[in-house]
Amino acid sequence: MRIPVETFHLDNGLLVTLSEDHTAPIVAVNLWYHVGSANEKAGRTGFAHLFEHMLFQGSAHVGSNEHFELIQRAGGTLNGSTWLERTNYFETVPSNELALVLWLEADRMGDLLPAMTQEKLDTQRDVVKNERRWAVDNQPYGTMLEKLQELVFPASHPFQHSLIGSMDDLSAASLDDIAQFFATYYTPDNAVLSIAGDFDGAETRRMVTEYFGPIPRGKGRPPLPSMSLPRVFGDRLREVVYDNVSLPRLFMAFRSPVFGSDGYYATSVAGAVLGMRKGSRLHRALVRERQIAADAGAFTFDLAKGADLLVVDVTARPEIPVAQLEEEVEREVDLMHREGVSKTELERALALIETDLVASLQSAGERADRLSMFATYFGQPDLINEQLDRYRAVTVEDVNGFAASQLGENNRASLLYLPRESVESETLLAAAAGAT
Amino acid sequence: MVATLRPKSGPPRSYRFPEFHEDVLPNGIRLVTAPVSKLPVVTVLVIVDAGSTNDPPGKEGVAALTAGILLEGTAKLDGAELTEKFEQLGTSVESGADWDSAFAKMTILSSRVEEATMLLGYVLSDPAFPEREVERLKGERLAEILQLETEPRGLADEKFSEFLYAPDSRYSKPDEGTTASVTALSRGDVDAFYRARYRSGLTTVVVAGDMSRDNARALISKAFANWPSGAAQDRQLVAAPKTVKRTLHIVDKADAPQSELRVGHVGLPRKNPDFFPTLVMNAVLGGLFGSRINLNLREVHGYTYGASSYYDWRRGPGPFVVSTAVQSEVTAPALREILNEIDRIRSARITDEELSLARDYLDGVFPIRYETTGAIASALATLIIYGLSPDYYSTYRENVRTVSVNAVLDAAQKHLHPDKLQTVVVGDAKSIRESVAELGLGDVQIHSS
């Protein structure tokens, strides 16, 4: 299965990818800016994400919140999201509304600043602070992402700090920051525009050129500090978080090869053998057979610079001592580290991955997002058609090679959440011990 | 520099919901097929009229447990072996039950659909319900209930249902059961529930994707040849409200940074003559990003990351609810804004702009909802579960487009009941109690979480 991919550059550096599919009168537009929380300067954690909110507050010819209204009025869906390495904006609309979407995206890429006001910034800052309260502070295990980043990346590394940001840094963000960030990163030569679905190729090229062509190229972006990292953590890392949670939960992270590399695909398969669905090792051993876990899974961060992370995620059943949870997860990881995986396990993982991949490409939005991703990270949107072959090329030896070199004790970072009450019981125990 | 004139829409291209066919197989199973050949994938969705409203009193959760354990073993193969077989074929079967239906669903490459469907039919027709797996799944459900104690969103939803419906209503308890009811369930309960309701007269198989109607008919007839025939009576549903007087419940979470808010009342059943006006009315009130409640609470006041309202459509009258989480300090003003918006949409017609936003959105987004075989299969299941007309999807857009401002006002006056509002706040009782008590939301009851 191959999807059609066409690519061209505008003179201002905007990379455009097109993928036609006329089965339904739907078109998806997806814009990736190559900027994320990694690009934030000191004292401005959370800014890339706050900025994403500001992009929905209007631009030179679009009123506040009008972007949302116009797309919904057109019968479309839309949103944006921010990650460590990129920020994306996406819409899926009836195909006769493509011009509107391109115009809206071009207006905010070309001419955002006239619409920015202190009042809008203040409101969105409040919205984002409430997003932090909702998703992070008032949610069990909600601090997982920022705690994990802090644990596994060295202090100076761009991936080390919080993506949603601290309340203080959010408070400090100013309109000057907005103007500077916009001029530096929201430029056509730092973006990829992908269009997938029902459109006319020639007419779409014309519209893209008309709307985005006049936007000037950027002045270049400041280089990131060195992203490179040793292949393994070197030490065992461990942090215990006492939090408002009901059940202990262990996230165990392993440094792994960057997204898109051969090693990444082997890692991804190893992760699937360990934690994808109910037939995976962790689910089978810890949830089904030994019944010490309520749930178990594994995922990768898909980071394209420095190093990626494979994370195993296991929640304890009630009454299971946390030491046992940790021991048994370690035992499964040790087993794979020492003895590798079987051909049958590899085949199971590949079969599941293949179905997921094909099924996800049914959606125009998903196609456009993957085109943007491969174009942004590697300049090659047609890698979308190679993913399956890259996975199929993974051998048992590749997975075992990864397991042998990167699942060892020198490459494990454990982030362990424990119910807050257990602090009290530990203190009581300590007090009792001290009294004797 | 950038083109200043907003472009106009082009001529719309026509769209039809995928063509589908209904057959009744020789043993009485209904088969709905929607051949869609965009990509080589197929979704097979089995629905059985064995949802949670059929749980006997005291055995709340048995429908969900039964559906959840269907794939956990037959006389010959245990759960681990079955899981392995499906996953080697590149699929996993998701099974469960909601209020109105039990389901088992898988999406798979078309090259492997026959083998997987034969296996699915065999497993569903002859589940062994091993004692050990029954106890394990009960344990997992109990762990989930425990997790809710520290999860404010889920806790607010659950408490809202508990305070909304009369204690003898099945809707007052979680669909997957309570600690007490789940603890008491046995293998025998599961087996009895299965034998009573997993029958051909209550079963529909939906096949959507890269497979013809003829091939689907042959395959499903073969795979489900041993499905027991017969039907069963539905249990009578009680959906009375617990009270018709406004009441304010505070579920205490000391020092919570946010208050989770739920405000609403018993709504109306899915199949009702006012469905479309009510749908459009709710879109304007709280169903869209650009709805009154979201714009007010989020974009004007910055109280929240998001606020919405919805009717939880069920066969019986599910809840109508406004749902949001706000910074603790603004709990009272946020509740006041919600009350104002409910009153406002009942007291005056919405504007033409508001009407067109809601109508154009619901009309235009229609094709985008059915991009995948999974979404198409679920849409077809909805027709069966709620007994909607076969032309429901082909007339949906017309039905949305013909809703008027007057019909919206009627729907708001008929189906929103400010005098009966039940309010749940999961938050820091100490700091909010005084200010929220002044809002006229009824007697205040404080609960520990």
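Residue indices begin from 1 for each chain and proceed along its sequence in written order. Note on labels: chains are lettered from A, ligands numbered from 1, in written order. Totals for whole chains, interfaces and linings use all residues, but because this is a predicted model, local features are given only for residues with pLDDT of at least 70 and pairs of side-chain atoms are given and counted only at 80 or more.

Comments concerning helix α2 (residues 79-88) of chain B
1) Next: Remark: C-beta atoms are placed from the backbone, and a residue is labelled buried if 20 or more other C-beta atoms sit within 10 Å of its own, exposed if 12 or fewer do, or partly exposed between those counts. Each helix is a run of DSSP H or I of at least 4 residues and each strand a run of E of at least 2, with the numbering of both proceeding from the N terminus. Taken residue by residue, α2(B) has B:Gly79, B:Leu82, B:Thr83, B:Phe86 and B:Glu87 as its buried positions. An end-on view of α2(B) places all buried positions within 125 degrees of arc, on one side of the element.
2) Next: Think of it this way: build a C-beta for each residue from its backbone, and any pair within 7 Å is a contact. On its buried side, α2(B) packs onto α10 (281-289) and α12 (343-360) of chain A together with α3 (113-125) and α4 (131-148) of chain B.
3) Next: Note on α2(B): the residue one or two positions beyond its end, B:Gly90, has a positive phi of about 85 degrees. Here the arc refers to the directions that run from the helix axis out to each C-beta atom.

Quick look at the nonpolar core
1) Next: For this entry, the nonpolar core is defined as buried Ala, Val, Leu, Ile, Met, Phe, Trp, Tyr and Cys residues connected by C-beta atoms within 7 Å. One finds A:Val269, B:Leu120, B:Val280 and B:Leu380 to be the most contacted residues of the largest nonpolar core, which totals 262 residues.
2) Next: Residue contacts for A:Val269: discarding those within four places in its chain leaves A:Leu346, A:Ala349, A:Leu350, A:Val394 and A:Val399.

Some thoughts on the sheet that holds strand β2 (residues 30-35) of chain B
Across a sheet, paired strands are connected by hydrogen bonds in the backbone, their directions being either parallel or antiparallel.
Residues and elements named next belong to chain B.
1) Next: A strand pair is defined by DSSP finding two or more bridges across the two strands. Strand order in the open sheet formed by six strands is β1-β2-β6-β3-β5-β4, with mixed pairing between adjacent strands. Of all strands in the sheet, those with a lone pairing partner are β1 (21-24) and β4 (94-97), marking the two edges. Ignoring which end each strand starts from, the neighbouring axes of this sheet average 15 degrees apart.
2) Next: Axis definition: a line fitted to C-alpha atoms, limited for helices to the stretch in contact. Angles are taken between N-to-C directions and run from 0 to 180 degrees. Across the sheet, helix α8 (residues 213-223) lies against β1, β2 and β6 (203-209), angled at about 145 degrees from β2, the strand it touches most.

Re the confidence of the model for chain A
1) Next: Overall, the prediction assigns chain A a mean pLDDT of 95, with 97% of residues at 70 or greater.
2) Next: For residues 427-436 of chain A, every residue scores under 50 in pLDDT, and the model assigns this stretch zero contacts once sequence neighbours within four places are set aside. Values of pLDDT, which run from 0 to 100, indicate the predictor's confidence residue by residue.

Let's talk about the domain arrangement of chain A
Often, the extent of an interface is quoted as the loss of accessible area on bringing the components together.
Residues and elements named next belong to chain A.
1) Next: Domain start and stop points were drawn from an automatic or database domain assignment. When its domains are assigned, chain A resolves into domain 1 (6-212) and domain 2 (237-428).
2) Next: Here domain 1 and domain 2 have C-alpha centroids that lie 28 Å from each other.
3) Next: On the side of domain 2, 28 residues touch domain 1, which itself brings 32 residues to the contact.
4) Next: Residue assignment for the side of domain 1 that touches domain 2 shows that the elements contributing at least two residues are β2 (15-20), β3 (26-33), β5 (87-94), α5 (144-152) and β6 (191-197).
5) Next: No other element matches the six residues that β3 contributes to the side of domain 1 that touches domain 2.

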